[in-house]
Amino acid sequence: MFEKVLIANRGEIALRIHRACREMGISTVAVHSTADANAMHVRLANESVCIGPAPANESYLNIPAIISACEITGADAVHPGYGFLSENARFAEILEAHGITFIGPTSEHIRLMGDKIQAKITAKSLGIPVVPGSDGAITTDEQAYKVAEETGYPVLVKAAAGGGGRGMKVANSREEMSSALSTARAEAKAAFGDDSLYMEKYLGQPRHIEVQVICDAHGNVAHLGERDCSLQRRHQKVLEECPSPALNAEQRDKIGGIVANAMRKLGYLGVGTVEFLFENGEFFFIEMNTRLQVEHPITEAVTGIDIVREQIRIAAGLEMSFSQKDVSFVGHAIECRINAEDPKTFTPSPGTIKDFHTPGGLGVRVDSAAYQGYKIPPYYDSLIGKLVVHGRSRNECLMRLRRSLHEFVVDGVKTTIPLFNDLVNEPDFINGDYHIHWLENFLKEHS
Ligand code: ADP
């Protein structure tokens, strides 16, 4: 097992990884920007190294500085968390060249799934159902029109290098194609430095359902069921639940089995998430994330499995501590992403947290790096905490969620807690009756 793990991240996820390491008797190294010198992840880690100034490009994305931090501290592995360098194949390769283990899949698989066109081709070849659309990149406008005629409007133009919902444009008709193509191309070039595009049929009212998978180097593969992440704003997840209110056990076993078999064929290593759109009883692959996800705690709540601990064991060459037959799904869990944002306009609200009190009690988990007096810097994402609530049934989970939101106190900055207070009393949400566009419609009606 590793003796010392460097955590190449910040905020709640750095803390989450530190906790797993600590329980396993592994010493931790925090890295931080000058803006994060007083951050909780720095305070809790066994050692810390400042890796640069506030902008992420010069600190959390600064590969040479992170490698130096590994060398100075003698860390034998790096956990990248999510975001930042977690899906950077070159980072994984450089670490390997320095004899440091990257806690994640191989660089080859990160690269393969990072190109969404290649990912889709690979998924299809592994027996995973995909969204109808172009078979590869769209190279000419004529080709784009042809694909659109075949699949039928509306279509979605997407960036091959996409992420965070950027570089995606809908064309409802032939007339809208030209502007969708040029806008998506320009956005993709600006955001990712790569303007390759592909196209998909635009699904009208699907749910976003993703399957958590885990594989070790000894041929063991298991799926940990699904998460429903349909409540989104601008293609970004806001609230997730496990299991999906839309699936039954048979559908869960079937899609989980398809994903597990595909990953076995691929020889995938570590944890990953295969994302689908689900409409009229059918699954359509959209992408695979080759890292730990923000919303992993709801799966942990329902399965009782510590996903980060398994990730570290697997990276160290051990077998995962369970097999598929040991996985059972108990009760229901919901996660709310509490952001320091205006709950109506979603503009970030950095500043000092004057008062901070997190809810507790049976079935309640808060993953947060915030504290009273903490100054939220304006440089990074606005997530200040994840409220994860578990109950024996969805109804019990909702009861607990309502009272937990009521207990949560964050004073001094605006947060999205009022939005969740509204959502938990909304009949469609209570009935589990929503799709990926539902939240945007709800927000429009309540603005
Ligand atoms: P990103 O990598 O930018 O997050 P994804 O391909 O994962 O992009 O898609 C993000 C979200 O965009 C999905 O959860 C869904 O809400 C929406 N989306 C993606 N593809 C389609 C599609 N073919 N039809 C309708 N909505 C889609």
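Small disclaimer: the values here were computed from a predicted structure and weren't measured.

**Brief notes about the overall build of the protein**
Assigned secondary structure in the protein consists of 15 helices and 20 strands. A compact globule built from 447 residues would reach a C-alpha radius of gyration of about 22 Å, and the protein, at 21 Å, matches this within 12%. For the protein, the spread of C-alpha atoms along the principal axes amounts to about 60 × 50 × 45 Å. Residues classed as buried in the protein amount to 57% of the 447 residues present. Accessible area of the protein: about 17900 Å², with a carbon and sulfur share of 48%.

**Thoughts on the nonpolar core**
Formed by 37 residues in total, the largest nonpolar core has its most connected members in Ile338, Leu387 and Leu423. Broken down by secondary-structure element, the contributors of at least two residues to this core are strand E11 (236–242), strand E14 (332–339), strand E17 (364–367), strand E19 (383–391), helix H12 (394–407), helix H13 (417–423) and helix H15 (438–445). Setting aside chain neighbours within four positions, we find isoleucine 338 in contact with Ser382, Leu383, Ile384, Gly385, Leu387, Leu405, Phe408, Thr415, Thr416, Ile417 and Phe420.

**Considerations on helix H10 (residues 296–303)**
With seven of its eight residues buried, H10 lies for the most part within the structure. For H10, the full list of buried residues reads His296, Pro297, Ile298, Thr299, Glu300, Val302 and Thr303. Remark: glycine 304 follows H10 within two positions and exhibits a positive phi of approximately 75°.

**Considering the pairing of strand E8 (residues 197–201)**
Consecutive side chains of a regular strand alternate in pointing toward one face of the sheet and then the other. The buried count for E8 comes to four of five residues, which makes it a mostly enclosed element. Relative to E8, strand E6 (residues 155–159) runs antiparallel, the two sharing five bridges. Within E8, the residue paired with valine 157 across the bridge is methionine 199.

**With respect to the environment of glycine 52**
Relative to the helices and strands, glycine 52 resides in strand E3 (residues 47–52). Along the primary structure glycine 52 and alanine 35 are separated by 17 residues, whereas in three dimensions their C-alpha atoms are 9.1 Å apart. Aside from chain neighbours lying at most four places away, what touches glycine 52 is His32, Ser33, Thr34, Glu58 and Ser59.

**Some remarks on the packing of helix H7 (residues 141–151) against helix H8 (residues 174–192)**
The angle between the axes and the distance between the axes are what describe a pair of packed helices. Contact pair H7 / H8: the axes reach a minimum separation of 11 Å and the direction vectors enclose 125°. On the basis of their axis angle, the class for H7 and H8 is oblique. The hand of the H7/H8 crossing is right-handed. Where H7 approaches H8, its residues Asp141, Ala144, Tyr145, Ala148 and Glu149 are matched on the opposing element by Arg174, Met177, Ser178, Leu181 and Arg185. Split into classes, the residues belonging to the contact of H7 with H8 amount to five nonpolar, one polar and four charged.

**Concerning the packing of aromatic side chains**
Taken as a whole and judged by the stated rule, the model has eleven aromatic pairs. With a centroid separation of 6.5 Å and an interplanar angle of 80°, the aromatic rings of phenylalanine 276 and phenylalanine 285 are classed as edge-to-face. Accessibility assignment for this pair places phenylalanine 276 and phenylalanine 285 in one class, buried. With a centroid separation of 6.0 Å and an interplanar angle of 70°, the aromatic rings of phenylalanine 356 and phenylalanine 408 are classed as edge-to-face. Here phenylalanine 356, found in strand E16 (residues 355–357), pairs with phenylalanine 408, found in the loop between H12 and strand E20 (409–411); they are 52 residues apart in sequence, far enough to count as distant. Since its relative accessible area comes to 15%, phenylalanine 356 is described here as buried. Using a relative accessible area of 7% as the deciding quantity, one classes phenylalanine 408 as buried. Among the aromatic side chains, those forming a connected cluster through ring pairs are Tyr60, Phe84, Tyr379 and Tyr380.

**Things to note about the domain arrangement of the protein**
Here the protein is described as being made up of domain 1 (4–87), domain 2 (132–201) and domain 3 (207–445). One C-alpha centre belongs to domain 2, the other to domain 3, and the line joining them spans 29 Å. Domain 2 puts seven residues into the contact, and the matching count from domain 3 is five residues. Between domain 2 and domain 3, the buried area comes to about 380 Å², and carbon and sulfur atoms account for 52% of it. Where domain 2 packs against domain 3, one counts zero salt bridges. Taken together, the residues of the side of domain 2 that touches domain 3 sort by class into three nonpolar, two polar and two charged.

About the criteria used
- Residues numbered from 1 in each chain as written.
- Predicted model: local features only at pLDDT ≥ 70, side-chain atom pairs only at ≥ 80, totals over all residues.
- Heavy atoms only, no water.
- Helix = DSSP H or I, 4+ residues; strand = E, 2+ residues; numbered from the N terminus.
- Rg over C-alpha atoms; globule rule 2.2 N^0.38 Å.
- Buried < 20%, exposed > 50% of the residue type's maximum accessible area, 1.4 Å probe, protein only.
- Areas by Shrake-Rupley, 256 points an atom, 1.4 Å probe, with all protein chains shown as cover.
- Core = buried A, V, L, I, M, F, W, Y, C linked by side-chain atoms within 4.5 Å.
- Contact = heavy atoms within 4.5 Å.
- Pairing = 2+ DSSP bridges.
- Axes fitted to C-alpha atoms, helices over the stretch in contact; angles between N-to-C directions.
- Parallel < 35°, antiparallel > 145°, perpendicular 65-115°, else oblique.
- Left-handed = near helix turned anticlockwise from the far one by under 90°.
- Nonpolar A, V, L, I, M, F, W, Y, C, P; charged D, E, K, R; others polar.
- Phe/Tyr/Trp six-rings, centres within 6.5 Å; stacked < 30°, edge-to-face > 60°.
- Domains from an automatic or database assignment.
- Buried area = accessible area lost by both parts, 1.4 Å probe.
- Salt bridge = Lys/Arg side-chain N within 4 Å of Asp/Glu carboxyl O.

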